[in-house]
Amino acid sequence: MTTADERPPVHGGSETEETREAAFAERARHLLAEGVDHLDGRTRSRLAQARHAALDQLQSAQSRRGFSMGGWLAPAGGFAAVVVAALIWVGMPAIDPVSQTAAVRTDMGGTAADDLALMADAENLELAEEIEFYSWLEAEAVLPAATGGVG
Amino acid sequence: MGHSATLSAESGSFSAVRADRHPMSLEDVRLNSARALDQFLSSVERRAFRIASIALRDQEEALDVVQDAMLQLARRYGSRPSSEWMPLFYRILQNRIRDSQRRKAVRNRIFAWWPSGSAGDDVSPDDPVIDAADGRPQPDSVVANGEALKALESAVAELPARQSEAFLLRTIEGLDVAATAAAMGCSEGSVKTHYSRAVHTLRARLGEAW
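Residues numbered from 1 in each chain as written. Chains lettered and ligands numbered in written order. Predicted model: local features only at pLDDT ≥ 70, side-chain atom pairs only at ≥ 80, totals over all residues.

### Observations regarding the overall build of chain A
Logical step 1: When helices and strands are counted, chain A shows 6 helices and 0 strands.
Logical step 2: The N-to-C order of helical and strand elements in chain A reads α-α-α-α-α-α.
Logical step 3: Burial status across chain A gives 9% buried among its 151 residues. (Helix = DSSP H or I, 4+ residues; strand = E, 2+ residues; numbered from the N terminus. Buried ≥ 20, exposed ≤ 12 C-beta atoms within 10 Å, placed from the backbone.)

This is the structure:
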């Protein structure tokens, strides 16, 4: 609804008046356009800097958005880890002949649960790589723990 | 396989697309968005600065205001279709200009009673020191019709804020009535009214000889 305040002013409605207004607007547009074209170098440089800052801002925003998109990747990664763990568990099913309810044992001598814990801990990566060596040490009772401990 | 994790940079926006239709990597999408925003800002930055500098009558403040508007557009609306950027950018810019004008008005009220010279840079917009050459290159000094332009700028700066906005957006940026209404956050009828009154007032102030 148009209020009294929003009503356009009455100029008499003559075509001459409209023509003059149009000519005025055109001259104003021309002058202001010249002002735009003749900005000094310092101002243009500052505007370019501002634009580059805005582009950096866009990249930061996109990176944050990328992280949020990664929101579904994290659960997917977790699911993949569970699948791998299950495969390790199922892939080495050596049932203890003594007790059917005993823990599943691997042919390396450790339980599958031990293997899972080992694989879950990044610090044990070196141990995992040398697992055959450590298994041999344990079998040979060379390690102090296997011989009753130190002290 | 129906949909995949590939993304589209259609108009700078993110959307999942079928893998067999223009698949783009995330990096491609980012590059396209950045390129589109760079082009848009390049195309509007000078006119935006002129609008801000006429409204604020302060070059430094105008630069700050334009930079703020650019940053906010990139941060909040950079992922929107580029066709929406123009009204959004000028909406942000006008809000920033109004905020700056309010702050300046408050500063001027506070320092009105302050002893002369103590207010530092918080001087009246009509202070001759502001208009005096300060050694730096001034845009107005290279305008061919400098006097006419200065008279026009002064007259525009004295218009009511909404009239000034409508006049500058339509005259400098060349926005049509609908786009100006979107940028100003008002109806098209209001834009026509503000613009018409602005032209009427400017003609009366500048005289027929202008």
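### Quick notes on the overall build of chain B
Logical step 1: Within chain B, the secondary structure is distributed over 8 helices and 2 strands.
Logical step 2: When its helices and strands are written in sequence order, chain B yields β-β-α-α-α-α-α-α-α-α.
Logical step 3: When each of the 210 residues of chain B is scored for burial, the buried share is 36%.
Logical step 4: The contacts of chain B with a sequence gap of at least 6 include a subset with a gap of at least 24, amounting to 52%. (Contact = placed C-beta atoms within 7 Å.)

### Looking at unusual backbone geometry
Residues and elements named next belong to chain B.
Logical step 1: One non-glycine residue with positive phi stands out, namely R57, at about 55 degrees.
Logical step 2: Locating R57 in the fold gives a position in the loop between α1 (26-56) and α2 (59-77).
Logical step 3: By the C-beta count within 10 Å, which is 19 here, R57 ends up partly exposed.

### Topic: helix α3 (residues 85-110) of chain B
Residues and elements named next belong to chain B.
Logical step 1: Spanning 26 residues, α3 covers 37 Å between terminal C-alpha atoms, matching the ideal 38 Å at 1.5 Å per step.
Logical step 2: Among the residues of α3, those classed as buried are W85, F89, Y90, I92, L93, Q94, R96 and I97.
Logical step 3: Where the residues of α3 are buried, they touch α1, α2, α6 (161-173) and α7 (177-184). (Expected span 1.5 Å × (residues − 1).)

### Comments concerning the interface of chain A and chain B
Logical step 1: In this complex, chain A contributes 36 residues to the contact, which on the side of chain B involves 45 residues.
Logical step 2: For the side of chain A that touches chain B, the secondary-structure elements that each account for two or more residues are α1 (15-37) and α2 (41-69) of chain A.
Logical step 3: Grouping the constituent residues of the side of chain A that touches chain B by class yields 16 nonpolar, 10 polar and 10 charged. (Nonpolar A, V, L, I, M, F, W, Y, C, P; charged D, E, K, R; others polar.)

### Quick word on the packing of α3 of chain B against α7 of chain B
Residues and elements named next belong to chain B.
Logical step 1: Contact geometry for α3 and α7: axes closest at 7 Å, N-to-C directions at 45 degrees. Overall, the two elements α3 and α7 adopt an arrangement that is oblique. Classified by chirality, the crossing of α7 by α3 is right-handed. Contact residues: α3 offers M86, P87, Y90, R91 and Q94, while α7 offers A179, A182, A183 and M184.
Logical step 2: Here the residues of the contact of α3 with α7 are counted per class, giving 7 nonpolar, 1 polar and 1 charged. (Axes fitted to C-alpha atoms, helices over the stretch in contact; angles between N-to-C directions. Parallel < 35°, antiparallel > 145°, perpendicular 65-115°, else oblique. Left-handed = near helix turned anticlockwise from the far one by under 90°.)

### Structural notes on helix α8 (residues 188-206) of chain B
Residue and element names in this part refer to chain B.
Logical step 1: With 19 residues, α8 extends 27 Å from end C-alpha to end C-alpha; this agrees with the ideal 27 Å at 1.5 Å per step.
Logical step 2: For α8, every residue scored as buried is listed here: S190, V191, T193, H194, Y195, R197, A198, V199, L202 and R203.
Logical step 3: One or two steps after α8, the chain reaches G207, where phi turns positive at roughly 85 degrees.

### Examining the packing of α7 of chain B against α8 of chain B
Residue and element names in this part refer to chain B.
Logical step 1: Contact geometry for α7 and α8: axes closest at 8 Å, N-to-C directions at 100 degrees. Relative to α8, the element α7 lies roughly perpendicular. Counted together, V177, A178, T180, A181 and M184 of α7 and E188, V191 and K192 of α8 form the full contact between these two elements.
Logical step 2: In terms of residue class, the contact of α7 with α8 is built from 5 nonpolar, 1 polar and 2 charged.

### Here's the deal with the confidence of the model for chain A
Keep in mind that low pLDDT regions are not for reading the predicted coordinates in detail.
Residues and elements named next belong to chain A.
Logical step 1: Residues at a pLDDT of 70 or more form 33% of chain A, whose mean pLDDT is 65.
Logical step 2: The least confident element of chain A is helix α5 (residues 125-129), whose mean pLDDT is 52; the most confident is α1, at 87.
Logical step 3: Considering only residues more than four positions removed or in separate chains, one finds that residues 1-7, a stretch of pLDDT under 50, has 6 contacts.
Logical step 4: pLDDT under 50 marks residues 101-108. Its contacts with residues more than four places away, or in other chains, come to 18 contacts. (pLDDT = per-residue confidence, 0-100.)

### Thoughts on the nonpolar core
Logical step 1: Ranked by size, the top nonpolar core spans 53 residues in total, and within it A52, V66, A69, L73 and L93 of chain B carry the most contacts.
Logical step 2: Element by element, the count of residues in this core is highest for α1 of chain B, at 11 residues.
Logical step 3: Not counting chain neighbours up to four residues away, the residues in contact with V66 of chain B comprise L47 and A50 of chain A together with E45, A48, F49, A52 and L93 of chain B. (Core = buried A, V, L, I, M, F, W, Y, C linked by C-beta atoms within 7 Å.)

### Examining the confidence of the model for chain B
Residues and elements named next belong to chain B.
Logical step 1: Looking at chain B as a whole, the pLDDT averages 80, with 73% of positions reaching at least 70.
Logical step 2: Here residues 1-19 is modelled with pLDDT under 50, and outside its nearest four sequence neighbours on either side it reaches 40 contacts, counting other chains as well.
Logical step 3: In the model, residues 118-123 has pLDDT below 50 throughout and makes 7 contacts with residues more than four positions away in sequence or in other chains.

### Some thoughts on the environment of E61 of chain B
Residue and element names in this part refer to chain B.
Logical step 1: Tracing the chain through its elements places E61 in helix α2.
Logical step 2: A tally of 19 C-beta atoms within 10 Å means that E61 is categorised as partly exposed.
Logical step 3: Separated by 40 residues in the primary sequence, E61 and Q101 place their C-alpha atoms 9.9 Å from one another.
Logical step 4: Residues contacting E61, with those up to four places away along its chain left out, are L56 and S100.

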